[in-house]
Amino acid sequence: MSIRLLIIGGVAGGATAAARARRLDERAEIVIFERGGHISFANCGLPYYIGGVIEDRDNLLVTTREAFMKRYRVDVRINTEVLAIHRDSKELEVTDLLTGETSRERYDKLIVSPGAEPMRPPLDGIDLEGIYRLRNIPDSDRIKAMVDSSNPRAAVVVGGGFIGLEMAENLVHRGVQTTVVEMADQVMAPLDPEMAGLIQAHLREQGVMLELGNGVASFRRNGDGLLVATQSGKDIPCDMVILSIGVIPEVKLAKEAGLQLSNRRSIVVDGTMSTSDPDIFAVGDAVQIRDLVTGLPTGVALAGPANKQARIAADNAMGRRSVYKGALGTSIVKVFKLTVAGTGASEKTLASNKIPYIVSYTHSGSHASYYPGASNMAIKLLFSPGDGTILGAQIAGEEGVDKRIDVLATAMQARMTVFDLEELELAYAPPFSSAKDPVNVAGFVASNILKGDVEITHWHDLAGMDKDSSVLLDLRAKEELDTSGAIPGSLNIPIDDLREALKDLDPHKTYIAYCAIGLRGYLAYRILSQNGFRCLNLSGGFRTFSGAEDEMMRKNPDSSLLKS
């Protein structure tokens, strides 16, 4: 007797599960119920369609209902909403949104892929015309039609996450003056503040105005446009608003069916993606999974994990044992010319969970410096102080970020250490990399710390520096100082003159060595430490410090890292 598998929801989770289930069992009866009008679409591409980067709307459709049904012999019912899961009778209560007809559908196994819904706080005026959210193709159609027909001069994007920043970029491409309002004091919450600061500086360079640490209080009409009132008291006039405040798991069906939910209101599943009901599986944005770094429960609203979970849920629903081990949360975003990516735990996460870690910063070229077009990328690496296990990484740069974050994510999945990064043999030719790839360099620097070949300090430590017992030692050439400035109070001795200047240094002082990116600081540490001086190398050098200092001073002019 063939199994009857019902699936609630399409897109990354549901459609993938259906295709996998069909490949495993040609005789199974498989039905997908999708509330929207498309079984599978590229929701990550919606901002680029609005911005005109993706010109053909049809390119957003991963597949059509007809094509999917023909290839996989799956009964796809779009514009159909599941109203309830009746676990006692193993039935779904279903309504056709076009005809209003209601029916009951029996299942042997059920896969739930409800996704997450955009947050919509109860703010005054939030339902006014001209305020949009972006979740699906109809949403993107409405926004694009407004931009195409009305030629708005100004827009406010509420929220500085992935979709918010992608929408800001694409609105600017369409000639719309854009302001991002973010309640937190940084964009891209998964990143640490100094790495987010690189995005913020770049956004401002591209003309995007930022209101950080400032939430929305209300919306109201302003003539033919809108007025966004912020919590700080500032009013921002605009012609349109995009809500990108975040998402919450859509768990109404699961809750009403009595499935176990976490305290974060996510569906609890085990490694087989089975819920508290062994005949019901759940995947995607609505489920609670395991963080591969911390081992703690988490939720990840990303297409990659949803696809993998869907395959595993289908395996188990069809009788094949498969286990989902957890997620790293590897993500990447394009913000104008900048690419920013992260994988694993952030420093914020490790610190809040009291997990020991060490941080190192490196700045490397995207490819060989002598080949035209090389650009700099900043890498933040987090690793265990014991065995050097990689705990997380964040990268920002113009080129080559994607392949470096993928190498580091692969290394983390394999539980590799920073010592392994030193030995990785990665492809090299001048247009693509250097003989020492940025990933290798990150490994070299982290390994040097663990081996005791260098002691480091960080940009945020300088605020507590004892100026009576410590000396900031700038190792750059004078021309570099004239161009980019220096940390106030620094003693400038170019690295090539350091050995000759040892006789003039005070052996009772601690020297905090820094250069542009940290390499000359490391060389200075080796020279000074072997000559009896106490020395620390400023990780990431002046480039990391100045970026963090600029953002801190922008938020609070009285908060210089070097204030006593």
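Scroll up a little and you will see the structure.
Residues numbered from 1 in each chain as written. Predicted model: local features only at pLDDT ≥ 70, side-chain atom pairs only at ≥ 80, totals over all residues. Heavy atoms only, no water.

It is worth spelling out the overall build of the protein chain at this point. Counting secondary structure elements, the protein chain contains 16 helices and 33 strands. By residue count, 52% of the 564 residues in the protein chain fall in the buried class. Here the contacts in the protein chain between residues at least 6 apart in sequence split such that 63% fall between residues at least 24 apart. (Helix = DSSP H or I, 4+ residues; strand = E, 2+ residues; numbered from the N terminus. Buried < 20%, exposed > 50% of the residue type's maximum accessible area, 1.4 Å probe, protein only. Contact = heavy atoms within 4.5 Å.)

This part is about the layout of surface pockets. Computed from the structure, the second largest pocket encloses a volume of approximately 590 Å³. Elements with a contribution of two residues or more to the lining of the second largest pocket: β26 (358–365), α12 (438–451) and α15 (519–529). The class makeup of the residues in the lining of the second largest pocket is 12 nonpolar, 13 polar and two charged. (1 Å grid on protein atoms, 1.4 Å probe; cavity = no way out; pocket = protein on both sides within 12 Å on 5 of 7 lines; lining within 4 Å. Points joined across faces, edges and corners; volume = space filled by probe spheres on them. Nonpolar A, V, L, I, M, F, W, Y, C, P; charged D, E, K, R; others polar.)

A few words now on the sheet that holds strand β24 (residues 331–335). The strand order β24-β25-β28-β27-β26 describes an open sheet built from five strands, whose pairing is antiparallel. A single partner strand is all that each edge strand has here, and the edge strands are β24 and β26. Taken pair by pair, the neighbouring strands of this sheet meet at an average axis angle of 15°, ignoring direction. Of the pairings in the sheet, the one linking strand β27 (residues 376–383) to strand β28 (residues 390–397) comprises seven bridges and is antiparallel in character. Within β28, the position partnered with F383 by the bridge is I390. Running at roughly 145° to β26, α12 makes contact with β26 and β27 of the sheet. (Pairing = 2+ DSSP bridges. Axes fitted to C-alpha atoms, helices over the stretch in contact; angles between N-to-C directions.)

Locating S384 in the fold gives a position in the loop between β27 and β28. Of the polar contacts made by the side chain of S384, one reaches the backbone nitrogen of G386; its length is 3.2 Å. Those residues in contact with S384 that sit more than four places away from it in its chain are P356, T389, L391 and L450. (Polar contact = N/O pair within 3.5 Å; in protein donor to acceptor, adjacent residues only side chain to side chain.)

So, on to a nonpolar patch on the surface. Taken together, M119, I245 and I248 make up a surface patch of nonpolar side chains, about 210 Å² in accessible area. Structurally, I248 is set in strand β19 (residues 247–249). I248 gets classed as partly exposed once you look at its relative accessible area, which sits at 37%. (Patch = residues over 30% accessible without salt bridge, like charges linked within 9 Å, V, L, I, M, F, W, Y side chains within 5 Å. Areas by Shrake-Rupley, 256 points an atom, 1.4 Å probe, with all protein chains shown as cover. Salt bridge = Lys/Arg side-chain N within 4 Å of Asp/Glu carboxyl O.)

In this model α12 runs 20 Å from its N-terminal to its C-terminal C-alpha over 14 residues, within 8% of the 20 Å that 1.5 Å per residue would give. Contacts from the buried residues of α12 go to β26, β27, α10 (401–413), α11 (418–423), β29 (456–457) and α15. Downstream of α12 by one or two residues, G452 has phi in the positive range, about 85°. (Expected span 1.5 Å × (residues − 1).)

Taken as a whole, this structure holds 32 salt bridges when the rule is applied. One salt bridge connects E81 with R35, and the closest N-O pair in it is separated by 3.9 Å. In this pair, E81 sits in strand β6 (residues 80–86) while R35 sits in the loop between β2 (29–33) and β3 (40–41), placing the two residues 46 residues apart along the sequence. Of the residues examined, E81 reaches a relative accessible area of 25% and is grouped as partly exposed. In this structure, a network of salt bridges that share partners links the residues R4, E29, D75, R77 and E105.

Enumeration according to the criterion identifies four aromatic pairs in this entry. Between Y511 and F533, the aromatic rings sit 6.1 Å apart at their centres with planes inclined by 80°, giving edge-to-face as the arrangement. You can see Y511 sitting in strand β32 (residues 510–514) and its partner F533 sitting in the loop between α15 and β33 (534–538), a full 22 residues away along the chain. Accessibility expressed as a relative area gives 11% for F533, which makes it buried. (Phe/Tyr/Trp six-rings, centres within 6.5 Å; stacked < 30°, edge-to-face > 60°.)

Attention shifts here to empty space enclosed by the protein. Tallying each qualifying case throughout the model produces one cavity of 30 Å³ or more. One number sums up the size of the largest cavity: a volume of about 80 Å³. Around the largest cavity, the lining residues are E194, M195, L198, Y361, T362, H363, A378, I379, K380, R543, T544 and G547. Elements with a contribution of two residues or more to the lining of the largest cavity: α6 (193–205), β26, β27 and α16 (541–555). The residue inventory of the lining of the largest cavity, partitioned by class, reads five nonpolar, four polar and three charged.

Okay, unusual backbone geometry next. Even without being a glycine, R73 presents a positive backbone phi close to 50°. With respect to the helices and strands, the residue R73 is situated in the loop between α3 (65–72) and β5 (75–77). Its relative accessible area of 57% is what places R73 among the exposed residues. One non-glycine residue, K354, lies in the positive phi region at around 55°. Position of K354 among the secondary structure elements: in the loop between α9 (347–352) and β26. Given the relative accessible area of 72%, K354 is considered exposed.

Geometry only, nothing functional implied.
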